[in-house]
Number of protein chains: 2
Amino acid sequence: MKMKRTKVVDALVSTDFGKDINVKGWVRSHRSSKAVDFIALNDGSTIKNIQIVVDPSLVDADLLKSITTGACLSVVGTLVESQGAGQASEIQCKEIEVYGLCPGDYPMQKKGQSFEYMRKYAHLRLRTNTFGAVFRIRHHMAMAIHRYFHEHGFFYFHTPIITASDCEGAGEMFQVTTKNLYNLEKDEEGRIKYDDDFFGKTTSLTVSGQLEGELGATALGAIYTFGPTFRAENSNTPRHLAEFWMIEPEVAFLEQQGLMDLEEDFIKYCVKWALDNCKDDLEFLNNMIDKSLIARLEGVLKEDFVRLTYTEGIRILEEAVKAGQKFENPVSWGVDLASEHERYLVEHHFRKPVIMTDYPKDIKAFYMKINEDGRTVQGTDVLFPQIGEIIGGSVREENYDKLMGEVERRNVPMKDMWWYLDTRKYGTCPHAGFGLGFERLILFVTGMQNIRDVIPFPRTPKNAEF
Amino acid sequence: MKMKRTKVVDALVSTDFGKDINVKGWVRSHRSSKAVDFIALNDGSTIKNIQIVVDPSLVDADLLKSITTGACLSVVGTLVESQGAGQASEIQCKEIEVYGLCPGDYPMQKKGQSFEYMRKYAHLRLRTNTFGAVFRIRHHMAMAIHRYFHEHGFFYFHTPIITASDCEGAGEMFQVTTKNLYNLEKDEEGRIKYDDDFFGKTTSLTVSGQLEGELGATALGAIYTFGPTFRAENSNTPRHLAEFWMIEPEVAFLEQQGLMDLEEDFIKYCVKWALDNCKDDLEFLNNMIDKSLIARLEGVLKEDFVRLTYTEGIRILEEAVKAGQKFENPVSWGVDLASEHERYLVEHHFRKPVIMTDYPKDIKAFYMKINEDGRTVQGTDVLFPQIGEIIGGSVREENYDKLMGEVERRNVPMKDMWWYLDTRKYGTCPHAGFGLGFERLILFVTGMQNIRDVIPFPRTPKNAEF
């Protein structure tokens, strides 16, 4: 008769003292003395370990000695009230079964390895305190996002990953092909023929689901995407990934005020979810990674976000320059704000999150709704402390003629985009939406500094390991 | 002062009769008479329309006439109790604002178009009753899946989309590259050089997240993936997509009985969620698409799934053949079951879902746990009425030597797979998991017949439109 396994997270809060239970997990540490052995066991369900207290006279000495950090065990024992500080319960061991020993070359054996070292072992860093915390929080943020949109009547909508359109212009794209590259047939003009490629034309990985998201919103009313997106930029920075996850809600009948309300309400919901549901993991990260993490998260909840036009933002920055503030990048109306400018506004001037609106049209995408001034568009980006732009949003131009005016002025390649224009042709409606880079949110919520440390297996230039 | 919009789904259940409300949406039909106009308005929040009752003497005649199927309106009016059958409330119109008219060439104007026709207008079919129902149910199934795993202590885990490994062998893969195909440098042996490709080697789109999912499970305890996967097979059938979404849970310390329990409990939860949360949409589909749909869904909940070894299944099929049953594909121990065999067992012999287990090892993947007989592996596939295999699962071989034995016997290309083998080297543990094709589930739950009709923008050979 096999005993049902108890997860460590449940065993640690159980007060069924005196009862026998079975826990399974990996050894985080093993301390021996003549009278007693202590094994700290973790099963990934929580950042906390459960302590297994072993009477060495009851266990084969060689077996006990072979149990080193990283080994995998099943332990049956009696749950007892812990004498030590910081834990409610521990297990007085009766039986140990070893599922797998762990050789001495285990790469995660030593504590305090650098994050750079651990990236080489991304499959095993998952077994450490820091990365366990990060990826449990990542899970919780995904749950918060789905829950928020579901509760607010949005439908989760899967936009395509492989795309034949390239008009978003958000960045360099990866080509997707099944062609035999050793035998590329060309037409009379020397162009590679794609009629025999899988899709019969050139295709790429999507850089954004927004345009297809608009198709969903103008039918189902309110949708959101949550899927992978891709940028083939050769950027080796702590902020760039070639493959990352995006959340892109899109809402019919939403205008600029409502869009800003949605952005603020949504992101506060996510941050509150983390504080409510990830206490142990956040406390660990607050202690080990960033001492101001929890205070910063709580700060976001307390404040109303500042709502500031781009024009007003530029005025503040220009005054700061006059007063002696130095920026690397020049400030004047019409420039795209650099991270240093955004952070000055958020971290120094206002000391709270800012929703910046009404940008010059030439620094924003073709689909944004043009204001009556003819110079600015209804963008609504959310700027956060530490990370700068966390959300990029806008009201969309729903007027067919105005949209086509921008398409033509900018030479946006629209030949395969008849379906996008159809939304403005058949029963067009005001609508708006935004994009949130999921890993940006995870950086903010965990206090981690490098985006490669908040996705399990990062894809970056020259790196597609695992 | 603008009035807050009320969604149609809320207006229809409101009993605030006499109150003025504002609804917005698209016209599904407009019937005129001298005394009164009826406009059926839908905003995607529900399959039901709200009826707008218009006194034509109060509205500009040309404007009213211009409001045709597909037009987008904002209507202010008084919520009144409906006199007609089948609806509780309707709106006595006071003001109409037209957001967008709809020209006469609107492709969704006529009712009863074929699904094949509608696929050409996948962006507009979203505005029809059938596809609105399908994609609202698709949303609900995604919510059920996240909710189930979250409640059961699984962590949502993002495995990579772009991969450099190709050992899964589940199908043909799409190549991902940033190389300039007009200038492909080769080495002395005539091989294309990939050191200057984005990732410094050949990369493809993933066919499954399972192997990376095992890395998550052997650290976090229990994870699930829910992401896009890709097969570059030239299959033009109602069951194949080149891009589809998969759910792949993976659980440490789970053995075969527990895996079967998980599969059955999970899928019943999803089906129950649909019955509990998608009543209006299911009733529509039951009436219009498949009269036995709801009964079939309820049937799944009522029955314990049959648990049947492959060997026993073959015996039943062989006896059926002896008794006169005709199959196109021959039946004998060792063959991979065809869809006709699976459906015979599920729809004729048992008349309930079947979990088939312990397959011959040579028809299953290299990573499945080998039974003591040395001939069979601990696969656990769930077979459903109508669609055959809906879940493919197995216990994984956790023993390093046994796993390597299969790798070598089958010549599995493992050169880039050191990280997978590490899980068996450092603290190996028993674990198990399964894969569910999301669109297969949606086919079952909606009664739709073609997989291209349950994903918003299907990718199939020669088709990457939208």
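Keep in mind that this is a model prediction, so the values were computed, not measured. (Residues numbered from 1 in each chain as written. Chains lettered and ligands numbered in written order. Predicted model: local features only at pLDDT ≥ 70, side-chain atom pairs only at ≥ 80, totals over all residues. Heavy atoms only, no water.)

Ordered in space as β7(A)-β9(A)-β8(A)-β8(B)-β9(B)-β7(B), the six strands form an open sheet in which the pairing is antiparallel. In this open sheet, the two edge strands, each paired with only one partner strand, are β7 (162–163) of chain A together with β7 (162–163) of chain B. Across two bridges, the pairing between strand β8 (residues 175–177) of chain B and strand β9 (residues 203–205) of chain B is antiparallel. Within the sheet, the bridge partner assigned to Val176(B) lies in β9(B) and is Thr203(B). (Pairing = 2+ DSSP bridges. Helix = DSSP H or I, 4+ residues; strand = E, 2+ residues; numbered from the N terminus.)

Taken as a whole and judged by the stated rule, the model has zero disulfides over all chains. No disulfide involves Cys72(B); its nearest neighbouring cysteine sulfur is the one of Cys429(A), lying 4.7 Å away. Relative accessible area serves as the criterion here: at 0%, Cys72(B) is assigned to the buried category. Sulfur of Cys278(B): no disulfide; nearest cysteine sulfur belongs to Cys270(B) and is 11 Å away. A relative accessible area of 3% places Cys278(B) in the buried class. (Disulfide = S-S within 2.5 Å. Buried < 20%, exposed > 50% of the residue type's maximum accessible area, 1.4 Å probe, protein only.)

Residue and element names in this part refer to chain B. Axis separation between helix α6 (residues 210–220) and helix α13 (residues 418–425) bottoms out at 10 Å; the angle between their running directions is 35°. Considering the relative orientation of α6 and α13, their crossing is left-handed. Along its contact with α6, which presents Leu211, Glu212, Glu214, Leu215 and Thr218, the element α13 presents Trp419, Tyr420, Thr423 and Arg424. (Axes fitted to C-alpha atoms, helices over the stretch in contact; angles between N-to-C directions. Left-handed = near helix turned anticlockwise from the far one by under 90°. Contact = heavy atoms within 4.5 Å.)

In this fold, Thr177(B) is placed in strand β8. For Thr177(B), the side chain forms a polar contact with the side chain of Asp197(B), separated by 2.9 Å. Ignoring anything within four residues of it in the chain, the contact list for Thr177(B) reads Phe174(A), Gln175(A) and Asp197(B). (Polar contact = N/O pair within 3.5 Å; in protein donor to acceptor, adjacent residues only side chain to side chain.)

This paragraph deals with the relation of the copies chain B and chain A. With an RMSD of 0.0 Å, chain B superimposes on chain A once it is rotated by 180° and translated 0.0 Å along the axis. On this basis, the relationship between the two copies can be described by a two-fold rotation axis. Within chain B, Val176(B) has its C-alpha nearest the rotation axis, a separation of 2.4 Å. When the interface residues of chain B are mapped onto chain A, 100% of them again fall at the interface, so both copies present the same face. (Least-squares fit on C-alpha atoms with pLDDT ≥ 70 in both.)

This part is about the pairing of strand β16 (residues 431–437) of chain A. All names here are of chain A. For β16, a buried count of seven out of seven residues is recorded, marking the element as mostly surrounded by other parts of the structure. Of the two faces of β16, the one holding His431, Gly433, Gly435 and Gly437 and the one holding Ala432, Phe434 and Leu436 are both buried throughout. Pairing between strand β11 (residues 243–252) and β16: five bridges, direction antiparallel. Note on β16: the bridge partner recorded for Ile247 is Leu436. Sheet topology note: the strand β15 (residues 388–395)/β16 ladder contains five bridges and is antiparallel. The residue of β16 that forms the bridge with Gly393 is Phe434.

Residues and elements named next belong to chain A. Summarising the element assignment, Asp401 is placed in helix α12 (residues 400–410). Residue classification places Asp401 among the exposed residues on the basis of a relative accessible area of 60%. Put simply, Asp401 and Asn49 are 352 residues apart on the chain and 63 Å apart in space, counted from C-alpha to C-alpha.

This paragraph deals with the pattern of salt bridges. Taken as a whole and assessed by the stated rule, the structure comprises 60 salt bridges over all chains. For the salt bridge of Asp453(A) with Arg125(A), the shortest nitrogen-to-oxygen distance reads 3.1 Å. Linking Asp453(A) in the segment after α14 (438–446) with Arg125(A) in helix α4 (residues 122–125), this pair joins segments that are 328 residues apart in sequence. Accessibility classification places Asp453(A) together with Arg125(A) in one group, the buried group. Of the charged contacts, one joins Glu214(B) and Arg424(B) as a salt bridge, the two residues approaching to 2.8 Å between their closest N and O atoms. (Salt bridge = Lys/Arg side-chain N within 4 Å of Asp/Glu carboxyl O.)

Residue and element names in this part refer to chain A. With respect to the helices, strands and loops of the structure, Gln109 is situated in the loop between β5 (89–100) and α3 (115–119). The class for Gln109 is partly exposed, based on a relative accessible area of 30%. Measuring from C-alpha to C-alpha, the distance between Gln109 and Ala432 comes to 50 Å, with 323 residues separating the pair along the chain. When residues no more than four places from it in sequence are discounted, the contact partners of Gln109 are Thr69, Pro103 and Gly104.

Once that is clear, we can look at the interface of chain B and chain A. Often, the extent of an interface is quoted as the loss of accessible area upon association of its parts. Between chain B and chain A, the residue contacts involve 119 residues of the former and 119 residues of the latter. Between chain B and chain A, roughly 9,500 Å² of surface is buried when both sides are summed, and carbon and sulfur atoms account for 65% of that area. Taken as a group, His158(B), Phe253(B) and Tyr426(B) account for 9% of the area that chain B buries against chain A, more than any other trio of residues on that side. For the pair chain B and chain A, the number of links is zero salt bridges. If you look at where chain B meets chain A, you find 41 residue pairs in polar contact (both at pLDDT 80 or more). Considering every element that reaches the side of chain B that touches chain A, the biggest residue donor is helix α5 (residues 129–151) of chain B, with eleven residues. Classifying every residue of the side of chain B that touches chain A by side-chain character gives 59 nonpolar, 32 polar and 28 charged. Bridging between strand β8 (residues 175–177) of chain A and β8(B) involves three bridges; their strand directions are antiparallel. Bridged to Val176(A) within β8(B) is Val176(B). (Buried area = accessible area lost by both parts, 1.4 Å probe. Nonpolar A, V, L, I, M, F, W, Y, C, P; charged D, E, K, R; others polar.)

Ranked by internal contacts, the top residues of the largest apolar core, which has 258 residues, are Met141(A) and Met141(B). Apart from residues no more than four positions distant in its own chain, Met141(A) is found in contact with Cys270(A), Trp273(A), Ala274(A), Phe438(A), Leu441(A), Ile442(A) and Val445(A). (Core = buried A, V, L, I, M, F, W, Y, C linked by side-chain atoms within 4.5 Å.)

Residues and elements named next belong to chain A. Read across the open sheet, the eight strands follow the order β6-β10-β11-β16-β15-β14-β13-β12; overall the sheet is mixed. Where the open sheet ends on each side, the last strands, each with one partner, are β6 (155–156) and β12 (306–309). Relative to strand β10 (residues 222–230), β6 runs parallel, the two sharing two bridges. Following the sheet pairing, Phe155 is matched in β10 by Ile223. Contacting β6, β10, β11 and β16, helix α6 (residues 210–220) crosses the sheet at an angle of about 30° to β11. The sheet strands contacting helix α7 (residues 256–277) are β11, β12, β13 (354–360), β14 (376–384), β15 and β16, and the helix crosses β15 at an angle near 145°.

Residues and elements named next belong to chain A. For Ile355, the position within the fold is in strand β13. By relative accessible area, which is 0% here, Ile355 ends up buried. Discounting residues that sit within four places of it in the chain, Ile355 has contacts with Met260, Glu263, Glu264, Phe305, Val306, Arg307, Leu308, Thr380, Asp381 and Val382.

Any functional reading would require information beyond the geometric quantities listed.
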